[in-house]
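# Structural characterization, general
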Amino acid sequence: MKTLPVSLLLVLFAWTVCVWADSGRQKRSWIIESFSIEEENPGPFPYKLGKIEIARSYLVRYQLTGQGVDKEPMGLLKIDNEGYVLVHRKVDYENKEGIKILHLTFEAVNKSNNEVDTRLGVEIKILDINDNAPSFQKSIYEVTVDEAHAQGKDVLTILAHDEDDSSTNNGTFVFTIKSVIPKTDNVEFYIQQHQESGTVYFRGCLDYEKAQKYTILVEAKDKGEKIQLSSTNTLIINISDGNNKLPEISGQKGPGKVKERETGIEVLRLQVTDKDTRGSEAWKAKYTIHGDKKEQFKIETDPVTNEGILTVVKQMDYEEQTYQNLTISVQNEIPYFSCNVKKKVQNGMWELEKIPQSAGMSVAHLYKNISVTIFVEDVNDPPVFIPPVKDVTVMENIAKGTSLATFIAKDMDGSHINTFKFVKGEDIDGWITVDAKTGQVSTNKILDRESPFVINNTYRATLYAVDDGFPPLTGTGTLFIYLIDQNDNLPTLEVNTVNMCLDTEPTMANITAVDLDLPPYSSPFYYELLGNVEDKWKVEPAFGTTVNLVKDQSVYSGHHLLQIKISDQQGHYAIHNLTVTVCDCSVTPNCHVRMARMAQMGPVAAWLVVLTVLIFIAMCLMVLLMSCKAEKKMIEMDDVLGHLIQTNTENPGTDCLVPSSIGIKKTDSTNINNISIIVKHKTQQSQPVYTDQFKRSKYRNSIRSSYTENFQRSSIRSSFRSAYSGKMFYLSNNLPDLINKKLALQRRDEDFVVYEPHCYADEGGAMANADLDAISISENDFQPEMLRNLDNRFSKLAKISRPDLMKRSQLFQEV
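Conventions and cut-offs
Residues numbered from 1 in each chain as written. Predicted model: local features only at pLDDT ≥ 70, side-chain atom pairs only at ≥ 80, totals over all residues. Heavy atoms only, no water. Helix = DSSP H or I, 4+ residues; strand = E, 2+ residues; numbered from the N terminus. Buried < 20%, exposed > 50% of the residue type's maximum accessible area, 1.4 Å probe, protein only. Salt bridge = Lys/Arg side-chain N within 4 Å of Asp/Glu carboxyl O. Contact = heavy atoms within 4.5 Å. Patch = residues over 30% accessible without salt bridge, like charges linked within 9 Å, V, L, I, M, F, W, Y side chains within 5 Å. Areas by Shrake-Rupley, 256 points an atom, 1.4 Å probe, with all protein chains shown as cover. Disulfide = S-S within 2.5 Å. Pairing = 2+ DSSP bridges. Axes fitted to C-alpha atoms, helices over the stretch in contact; angles between N-to-C directions.

Moving on: unusual backbone geometry. Most peptide bonds adopt trans geometry, and most residues besides glycine take a negative phi value. Note that the residue after Ile355, namely Pro356, is joined by a cis bond; omega there is -5°. The peptide bond linking Pro519 to Pro520 adopts the cis configuration, its omega dihedral lying at 10°. You can see Pro520 is positioned in the loop between β37 (507-514) and β38 (525-530). The phi dihedral of Asn347 is positive, around 55°, even though this residue is not glycine. Locating Asn347 in the fold gives a position in the loop between β23 (338-343) and β24 (351-355). Accessibility expressed as a relative area gives 66% for Asn347, which makes it exposed.

Another aspect to go through is the pattern of salt bridges. Tallying each qualifying case throughout the model produces 19 salt bridges. The partner of Lys245 in a salt bridge is Glu209, and the shortest N-O contact between them spans 3.3 Å. Residue Lys245 is located in the loop between β15 (230-240) and β16 (248-253), and its partner Glu209 is located in the loop between β13 (197-204) and β14 (213-222); the two are separated by 36 residues in the primary sequence. For Lys245, a relative accessible area of 23% gives the class partly exposed. Between Glu377 and Lys257 there is a salt bridge, with the nearest N and O atoms lying 3.2 Å from each other. Remark: Lys257 occurs in strand β17 (residues 257-259) and Glu377 occurs in strand β25 (residues 369-377); sequence separation between them is 120 residues. Exposure remark for Glu377: the relative accessible area of 27% places this residue in the partly exposed category.

As a further point, take the environment of Ile177. By the element assignment, Ile177 lies in strand β11 (residues 173-181). On the accessibility criterion, Ile177 (22% relative accessible area) is partly exposed. Sequence separation of Ile177 and Ala220 is 43 residues, and the distance between their C-alpha atoms is 9.1 Å. If we ignore the near neighbours within four places in the chain, the residues touching Ile177 are Phe189, Tyr190, Ile191, Ile216, Leu217 and Val218.

On to a nonpolar patch on the surface, then. Together, Val609, Val613, Phe616, Ile617, Leu621 and Leu624 give the surface a local cluster of nonpolar side chains, amounting to about 540 Å² of exposed area. Here Leu624 is to be found in helix α3 (residues 603-627). What makes Leu624 partly exposed here is its relative accessible area of 43%.

Here we come to the state of the cysteines. In total, this model carries 2 disulfides according to the counting rule given. Residue Cys205 pairs covalently with Cys339 via a disulfide, S to S 1.8 Å. Disulfide Cys205-Cys339: the torsion about the S-S bond is -60°, which places it as left-handed. With Cys205 in the loop between β13 and β14 and Cys339 in strand β23, the pair connects residues that are 134 residues apart, well separated along the chain.

A separate point is the sheet that holds strand β20 (residues 297-301). Pairing in this open sheet of 4 strands is antiparallel, and the strands run β16-β18-β21-β20 from one edge to the other. Every interior strand has two partners, whereas the edge strands, β16 and β20, have only one. Averaged over all adjacent pairs, the angle separating strand axes in this sheet is 25°, with direction ignored. Across 5 bridges, β20 lies against strand β21 (residues 308-312) in antiparallel orientation. If you follow Ile299 over to β21, its bridge partner there is Leu310.

This next bit is on the sheet that holds β17. Here we have 4 strands laid out as an open sheet, ordered β17-β25-β22-β19, and mixed in their pairing. Pairing within the sheet leaves two strands with one partner each, and these edge strands are β17 and β19 (285-290). For this sheet, the mean inter-axis angle between neighbouring strands, taken without regard to orientation, is 30°. The pairing of β17 with β25 spans 3 bridges and is classified as parallel. In the sheet register, Lys257 faces β25, and the bridge partner there is Phe375.

Encoded structure:
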């Protein structure tokens, strides 16, 4: 049916009247027509919602467009030929589009000319009914609060919502607590609402021992006029145990005594009872020790049994105290509180009796205390040095056996006194000795301040006093020896090699000296160059720790060895060699650095050199073995006179053979010219070679030069003296017999043949072969004056060889 609310009837809009150009008639203005639809109307469908009335005298056709027709929610409305608005299905106020009012347009079209004669605005309001109950935001609310939670303090807040129109009673609701389980006399829950939320509070005191959990049923009910809808929700309030029960010490166990000097020993265990929940912070005990001024004890809580474990942590001395009184209190990890209901007030806060009554109030007086006594047992005490540390100052280099200090020790036992002896403890360099009875400490060696075991001029040693108790105990004393320095060290060069560049101008390099002594026995030093260094080298300045070595431009390149005298402030000096390397840096930059690097051989390079030498020796041995026969025989000589080494042979031989063997045959007892010399060499073709050393010109020249030049050279003379100094006396006395002997060459192997001596020519006779020149020594070639510089054994040889000249010479008589 058509419903015209007062509010909508007052809202009518007038539209300007348009004049039709072809008919001259005035058109109707816009008029808003209003209807209402109640949601969830069950029908039957379609039903008439209302009729749009217009004045007309001609045939018209009605049209309706907008929401509910050709816009969402489509298919809801239609208009018939008589102007009735028809509803074809249910409408929902809580539709998903959120449309609460439908806006449409009504038109009346003239059938004769199809022109719109009337146009009206239509509003259809959807009326809400109470078809939704309030719903809670959560299905279950749960919270945990401590039993010390104060009354009047919020516990939790709940939220609800009603989909119906909140501007009507259908969409407004009220929270109500329907039930509380369990119901106790110490607490009362209530709820305060603010629109769609509600906060839960309580009056009284929570008590964990009476209820560990409360289950509250809350209802949200709307205010619908025709029908009221509601829903409920469950609130779970868990109560955590607070510390509202005092712990009490119920007993103790343990020895209650400790031996002196023992630490880390359990002395007592204290038992405690607490009615709060086991394992909770309200149950866990916390112990405190009172009266322990020296802090010799500690107490800890056993996490399983909640017992207090009393332990000694510092040594106790029976001679100082035989027992110790202690007071131990116990409380919990969280503060204690108490709450009791004195009076219940209707609709107001209850009167309570609380401990503590206000924040910051102390409740220490409520905790229980217990007194315990710990006894100390006497045991053997170690000797004690009086004083435990001694300092002594001495001059270094004092004599061995010098007394340094005498230590005193005392046995601190009260019940029985033990005897003890002194023993040396730590003495890293063996400086001291200790008298076992008197404790006198003496030097065991000369004390050196520059010892590596001296730190900051101080040497440290320890002593032990060992008693004869059971078990034997030891006390420790410490001796610090402070050493006064003496001038017992000489200055030395920090580096004794210097590199410098060759230059046209004087150049310089730093040299530094060090002295292990302390001032005034060390630096600064006095430097002085020794030797012929004028206009070549000098030191500037001559006084200091680090000075300059100045090189003059006249100094040539190469290695120079300088001597430098370095004196300390007391005049004690040392002379050191200073090696200076000078090179031309203009040609090769940093040449002295390169020379120094080349001179250095690391371990790898050294091994390479050794390996190279070994390989070279091995190769030489292989060549030697390949070139020599397996069997080697030495030529036997009648005497040991040495060998004349040939230095000028016409054909090369091998180094494997013994030098040329000489066979001498006597043909005339007075003439040594008839001497045949057989020289055998093994050539590369292993064939014997015949040479006559006294016929060949090369040998003749060699012998001549040996009588003229070599005897005059001091170097050759020294060589002959060293080679034949022990044998020439024998040669001079036995030369005739030796000349008569012939040395036969033994056959070494099948490649060598022994040949008989052959006489080629006599001195002064005709030459048998023109190819060989006779060797003759003129009288002028040999001058007896040569014997002045020769040994007397050579004079005897000359007397045998040339007696005619020696007899005529006055020099012979002098020799």
